[in-house]
Amino acid sequence: MTPRRDESASSRRAQSNAVAVVLILGIMMAGAAAVVTLGATAINDTEDRLSEQRAEQTLTQLDSKAGLVALGEASSQRIPLPSETGDEFAVDGSAGTLRIELRNRSDGSTPSWGDPLVELSLGTLEFDNGDSRLAYQGGGVFRSGDGNGTMVSPPEFHYRNGTLTLPIVNITGDGSVGNTATVTRTGESRLFPVGTSANRTNPLDDHKVILTVESEYYQGWGQYFEQRTDGGVEYNHSAQRVQLTLITPIGSQTYENAVTTTAGDFDVQGSGNVVKIDAYNSSEGTYSSSTRTANLSVTGMVDLSGNFEISGNVTAEEFECGGSAKVSGTVRYVDSFNGGCAIGDSEQISAVPTTPSIAPFVSENFASLADEGEAPGSTLTAGTYYADTVSGITDVNTTDGEVVLGVEDLTIDNEITVEGNHDFTVFVNNSVDINAALTTADTHNATITTIYGADGFGATVSDEFVGSIYAPDLTSTITVDSDLYGAAIAGQVTVQNGKDGRVHFDTALEAKQTVPEDASIVSITYLHITENGIEIR
């Protein structure tokens, strides 16, 4: 008997084969679709990146050419835009604002003529591909996207050594730009200084400058401010705003020179005795037992002749010497050099280092002492004191703490030996006359006593003085008629060599702050601001 064939099993096998074929085809089709989808995404991402790179290169090129137009070096420029992205470039003349304010440093008030000093729209030429945005604004190129912003190329903003030069590039125009951007100059106007205004002049008088940029690209502006200035930078992210304040902490600035002048020549007056500038280290002993190198830094002319000796280096705008004058170290000069005397070496440099004004620091402390200081007697111990005129002090003792004195005019007419290791600090608004010796128990330790002078301050050292006189404002003066152990910093310093005038720098001061690290000082003296208009279409 012939066995019966299992037809149902055969049918199931046939169905399984068909299902397998369908599954294989489905997997192949799904894989192909995934490859196409992922490939298309990758291609789109690559195209977006390339489009953005082309846009960045184009805007950087435009930045360079538009700068020529804005600064008056060309009347117009044409810049080709990538044809495949031309419809993604657009001008918005109202995008972004720049505001500059001046405030009185002493009380924070804003003068009516400086509220604001400047307020202008910046405008943009912008590229937008949906994911990120690039823009030419204010003479720079910036990027914005994913909540972050960066600077691609810097704006027209130049800050150095207390001078801000700001040609504000103001863009006008509206709407899309085709395959070629045409940049045309629309004019220039001077905003500061203005010769017809009694207030809008340089140098600034005890003001701080506050510059605010409100823009989608505020983070890129802030990045530039942080990298290229010493000012304080604050962000308001919700308002898309960044603020730069050109008042800075002085930081870790210490004493470097026996004599520093900030606004004039170094004068040696009279004839006869040898004028010396040399150095010692009080932490190692008295002046006679320690020898070090001193420095003289002059924003102006040094003209040495006759009996003058400096055991160290000279830095000056101009230098000339002759006769028996001697400089043991290097003379560093900016403009001219005539070495007709014995010098160690010479070197031309680009600029004399600047010393910033401390007028706000002095005025703030002076005002605080006037409000809270006690009336001083003949003996000063730890505490704060104030009086319009002070003379007759016989004893200063800092054993239990710092002694701080605020005074309009100070006369030292009794010999004073400062006892103790804490500081004796004096803030003087007008003048100091040292007619009797002011020394320290720790002989020749100049780190104890510091006299700070306000703008217009004048000091005369007619007897031995151990300490530093720090008054770097341009109109301050110091005249040295005797031995000064420490340092002298003023707009103008004069040494009288007919009256035994000599300066001996205590190198222990190199470890002492000129002012406290957290003290704010004016870091801007000159403003040069123009509005430079361009049209982009």
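Residues numbered from 1 in each chain as written. Predicted model: local features only at pLDDT ≥ 70, side-chain atom pairs only at ≥ 80, totals over all residues. Heavy atoms only, no water.

Undergrad: Explain the packing of aromatic side chains residue by residue, including any values.
TA: A full pass over the atoms with the stated rule returns 19 aromatic pairs. Each ring, one from Tyr280 and one from Tyr485, has its centre 6.1 Å from the other, and the planes form 80 degrees; the classification is edge-to-face. Of this pair, Tyr280 sits in strand β19 (residues 275–280) while Tyr485 sits in strand β36 (residues 483–490); the two residues are 205 residues apart in sequence, bridging distant segments of the chain. Exposure remark for Tyr280: the relative accessible area of 0% places this residue in the buried category. (Phe/Tyr/Trp six-rings, centres within 6.5 Å; stacked < 30°, edge-to-face > 60°. Helix = DSSP H or I, 4+ residues; strand = E, 2+ residues; numbered from the N terminus. Buried < 20%, exposed > 50% of the residue type's maximum accessible area, 1.4 Å probe, protein only.)

Undergrad: Got a sec to walk through the pattern of salt bridges? Specific residues and values, please.
TA: Applying the stated criterion across every chain, the model contains 13 salt bridges. Here Arg99 ties to Glu101 by a salt bridge, and the two come within 3.6 Å at their closest N and O atoms. The residue Arg133 makes a salt bridge to Glu126 at a minimum N-O spacing of 2.5 Å. The exposure class assigned to Glu126 is buried, which follows from its relative accessible area of 15%. Connected through shared salt-bridge partners, Arg99, Glu101, Arg103 and Glu119 make up one network. (Salt bridge = Lys/Arg side-chain N within 4 Å of Asp/Glu carboxyl O.)

Undergrad: Give a detailed account of the state of the cysteines, specifying residues and quantitative values.
TA: Scanning the model with the defined rule gives 1 disulfide in all. Note on cysteine connectivity: Cys321 is disulfide-linked to Cys341, with sulfurs 2.0 Å apart. With the S-S dihedral at roughly -95 degrees, the linkage between Cys321 and Cys341 falls on the left-handed side. Of this pair, Cys321 sits in strand β22 (residues 312–321) while Cys341 sits in the loop between β23 (326–339) and β24 (342–348), and the two are 20 residues apart along the sequence. Exposure class is identical for Cys321 and Cys341. Each is buried. (Disulfide = S-S within 2.5 Å.)

Undergrad: I'd like a rundown of the layout of surface pockets, residues and numbers included.
TA: In this model, the second largest pocket occupies a volume close to 210 Å³. Along its surface, the second largest pocket is lined by 13 residues, and Glu402, Asp423, Thr425, Tyr452 and Pro516 are the ones closest to its centre. Contributions of two or more residues to the lining of the second largest pocket are made by α3 (359–372), β30 (424–434) and β32 (449–453). Of all the elements, α3 adds the most residues to the lining of the second largest pocket, at 3 residues. Counted by class, the lining of the second largest pocket contains 6 nonpolar, 4 polar and 3 charged residues. (1 Å grid on protein atoms, 1.4 Å probe; cavity = no way out; pocket = protein on both sides within 12 Å on 5 of 7 lines; lining within 4 Å. Points joined across faces, edges and corners; volume = space filled by probe spheres on them. Nonpolar A, V, L, I, M, F, W, Y, C, P; charged D, E, K, R; others polar.)

Undergrad: Can you break down unusual backbone geometry residue by residue, with the values?
TA: Here the bond from Phe192 into Pro193 is cis, since omega is -5 degrees, no more than 30 degrees from zero. Tracing the chain through its elements places Pro193 in the loop between β12 (180–192) and β13 (207–214). The linkage connecting Asn202 with the following residue, Pro203, adopts the cis geometry, with an omega of -5 degrees. The topology assignment puts Pro203 in the loop between β12 and β13. The phi dihedral of Gln240 falls on the positive side, at around 50 degrees, and the residue is not glycine. Inspection of the secondary structure assignment puts Gln240 in the loop between β14 (232–236) and β15 (241–245). Gln240 gets classed as partly exposed once you look at its relative accessible area, which sits at 36%. The phi dihedral of His444 falls on the positive side, at around 65 degrees, and the residue is not glycine. Looking at the element boundaries, His444 is found in the loop between β31 (438–440) and β32. Under the relative-accessibility criterion, His444 is labelled buried at 13%.

Undergrad: Go over helix α2 (residues 218–228), please, and point to the residues and values.
TA: Turning to α2, its buried residues number three or more, namely Tyr218, Gln219, Gly220, Trp221, Gly222, Tyr224 and Phe225. Where α2 is buried, its residues touch β6 (133–137), β7 (140–145), β8 (148–153), β13, β14 and β15. (Contact = heavy atoms within 4.5 Å.)

Undergrad: Go over empty space enclosed by the protein, please, and point to the residues and values.
TA: If you roll a probe as big as a water molecule over the atoms, it shows you where there is empty space left. Summed over all chains, the structure comprises 1 cavity of 30 Å³ or more. Computed from the structure, the largest cavity encloses a volume of approximately 50 Å³. In terms of lining residues, the largest cavity is bounded by Leu98, Leu122, Gly138, Pro155, Glu156, Phe157, Leu166, Pro167, Ile168, Val169 and Trp221. The element best represented in the lining of the largest cavity is strand β10 (residues 163–172), accounting for 4 residues. Class assignment for the residues of the lining of the largest cavity results in 9 nonpolar, 1 polar and 1 charged.

Undergrad: Kindly report on the pairing of strand β37 (residues 492–496), identifying the contributing residues and their values.
TA: Among the 5 residues that make up β37, 4 are buried, leaving the element largely enclosed by the rest of the structure. Alignment of strand β35 (residues 477–480) against β37, held across 4 bridges, turns out to be parallel. When the sheet's bridge partners are listed, Thr479 is paired in β37 with Thr494. (Pairing = 2+ DSSP bridges.)

Undergrad: Residues and numbers for the environment of Asn313, please.
TA: Its place among the elements puts Asn313 in strand β22. With a relative accessible area of 16%, Asn313 lands in the buried category. Sequence separation between Asn313 and Ile343 is 30 residues; the distance between their C-alpha atoms is 9.3 Å. Every residue in contact with Asn313, bar those within four places of it in the chain, is listed here: Thr293, Ala294, Asn295, Leu296, Gly329, Thr330 and Arg332.

Undergrad: Pulling in residues and values, what's your account of the environment of Arg99?
TA: Structurally, Arg99 can be placed in strand β3 (residues 97–104). The spacing of Arg99 and Pro116 is 17 residues in sequence and 6.9 Å in space, taken between C-alpha atoms. Leaving out residues up to four positions away in the same chain, Arg99 has contacts with Asp115, Pro116, Val118, Glu119, Ile210, Leu211 and Thr212. Of note is the side chain of Arg99, whose polar atom sits 3.0 Å from the side chain of Glu119. (Polar contact = N/O pair within 3.5 Å; in protein donor to acceptor, adjacent residues only side chain to side chain.)

Undergrad: An account of the sheet that holds β8 is needed here, citing residue identities and associated values.
TA: An order of β8-β7-β6-β5-β2-β11 is seen for the 6 strands of this open sheet, with the pairing classed as antiparallel. Two strands bound the open sheet, and with one partner strand each, they are β8 and β11 (174–176). Strand-to-strand twist across the sheet, computed as the mean angle between neighbouring axes with direction ignored, equals 20 degrees. Those strands touched by α2 are β6, β7 and β8, and its axis lies near 60 degrees from that of β8. (Axes fitted to C-alpha atoms, helices over the stretch in contact; angles between N-to-C directions.)

Undergrad: Before we move on, could you go through a negative patch on the surface and cite the residues and values that matter?
TA: On the surface, a cluster of negative charge is made up of Asp265, Asp303, Glu318, Glu320 and Asp335. Positionally, Asp265 belongs in the loop between β17 (259–261) and β18 (266–269). (Patch = residues over 30% accessible without salt bridge, like charges linked within 9 Å, V, L, I, M, F, W, Y side chains within 5 Å. Areas by Shrake-Rupley, 256 points an atom, 1.4 Å probe, with all protein chains shown as cover. Lys, Arg positive; Asp, Glu negative; His and termini not counted. Charge placed at Lys NZ, Arg CZ, Asp CG, Glu CD.)

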